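# Remarks on the overall topology
Given next are the chains, with one letter for each unit.
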Amino acid sequence: MKYRKLGKTGLDVSVLSYGASSLGSVFREINQQEGGIRTVHYALDKGINYIDVSPPYYGLTKAERVLGKALKGIPRDRYILSTKAGRYGEDSFDFSKKRIITSAEESLKRLQTDYIDILLLHDIEFGSYNEVIEEGIPALYQLKEQGKIRYVGVSGLPLSVFERVLQKAEIDVILSYCHYSLNDTSLLHIVPLLEQKNVGIINASPISMGLLNNRPVADWHPADKEMISVCKEAAAYCEEKGENLAKLAIQFSVQNNRIPTTLVSTASERNIAKNIEWIDEPINQELLEQVLKILKPIQNRSWPSGREEWRQ
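Residues numbered from 1 in each chain as written. Predicted model: local features only at pLDDT ≥ 70, side-chain atom pairs only at ≥ 80, totals over all residues. Heavy atoms only, no water.

### Points about the pattern of salt bridges
With the rule as written, the count across this model stands at 18 salt bridges. Two residues, D12 and K5, come together in a salt bridge whose shortest N-O distance is 3.2 Å. Residue class for D12 comes out partly exposed when judged on its relative accessible area of 37%. Between E308 and R311 there is a salt bridge whose closest N-O contact spans 2.7 Å. Classification of R311 by relative accessible area gives partly exposed; the value is 40%. What you see here is one network of salt bridges that share partners, running through R76, D117 and R150. (Salt bridge = Lys/Arg side-chain N within 4 Å of Asp/Glu carboxyl O. Buried < 20%, exposed > 50% of the residue type's maximum accessible area, 1.4 Å probe, protein only.)

This is how it looks when you write it as structure tokens:
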């Protein structure tokens with residue numbers, strides 16, 4: 001496993017990291033012991049040292065509770081842990097100072113730890129801009145001063161939210177998803193700004209929430225029909241060549257030294273083992289070139305997310 005520095009935090013994070021949303025049975029019902037706890041232990045044993053989770057939004061606190069059980073008894077210095085606050089359901093958001101602080105304290109109990117390494121305000125584009133800036137981020141600072149968290153951050157889909165927050169606040173990390181993958185590398189547009197401010201970058205969803213694999217795309221996926229169709233074409237091309245589009249996508253996302261870590265989520269020991277094996281293999285450059293040609297018509301295309309006020 002390779003490791004890279006996560007901005008000003010100085011943390012050495014594994015280039016492949018573990019997203020624990022699957023532990024909340026978000027994608028399918030899991031067996032807590034077989035599918036959850038063993039997967040976490042396997043990931044740690046193979047050198048993954050950064051784990052990201054979220055409280056109510058991932059399985060109504062189940063993901064945090066299962067992760068807390070998985071980490072019980074493991075030396076605290078063996079892993080870097082992040083969780084989130086502010087999003088509590090599909091359409092429930094609260095970035096008030098009081099709620100963020102309460103949420104963090106609830107997470108500490110569920111995760112059975114004395115501190116959280118990184119606390120992220122979750123999907124900030126759905127909250128009020130003023131509330132995020134005037135209450136949510138100050139709440140993170142307060143928790144940091146109290147030693148309950150070590151570093152502060154924000155997550156969201158539109159890249160513009162990070163630029164707007166950085167105009168007003170000092171943050172340690174950002175978590176961006178679906179913007180550094182085979183079909184969308186627009187995260188690179190703001191990397192110079194993030195590097196200038198020494199902000200750590202966490203990249204999530206290297207398979208673009210299921211677009212970049214050979215399985216059917218979920219009905220809830222916000223991508224338009226052309227995006228789904230073109231990605232299916234890329235997956236079919238890989239299958240014809242005896243290759244796997246998801247493998248190529250994960251390999252692509254971890255190879256850029258400017259992107260410290262990429263999150264993958266699974267509750268399967270077999271799948272996490274496969275992901276780890278893939279990043280140790282050399283990428284098929286010829287296949288990569290052909291797949292990028294197929295994906296070119298939809299390159300850097302995304303979908304709207306959040307309140308209009310964040311787009312101003």
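### Comments concerning the environment of Y88
Mapped onto the fold, Y88 is located in strand β6 (residues 87–89). For the pair formed by Y88 and D123, sequence separation is 35 residues and the distance between their alpha carbons is 11 Å. Within the local environment of Y88, its side chain forms a polar contact with the backbone nitrogen of G86, the two atoms lying 3.0 Å apart. (Helix = DSSP H or I, 4+ residues; strand = E, 2+ residues; numbered from the N terminus. Polar contact = N/O pair within 3.5 Å; in protein donor to acceptor, adjacent residues only side chain to side chain.)

### Notes on the pairing of strand β3 (residues 16–19)
Neither face of β3 is exposed, since L16 and Y18 on one face and S17 and G19 on the opposite face are all buried. Relative to strand β12 (residues 261–265), β3 is paired through four bridges, and the arrangement is parallel. If you follow L16 over to β12, its bridge partner there is T262. Direction of pairing for β3 relative to strand β4 (residues 50–52): parallel, over a ladder of two bridges. The residue bridging G19 from the neighbouring strand is D52, located in β4. (Pairing = 2+ DSSP bridges.)

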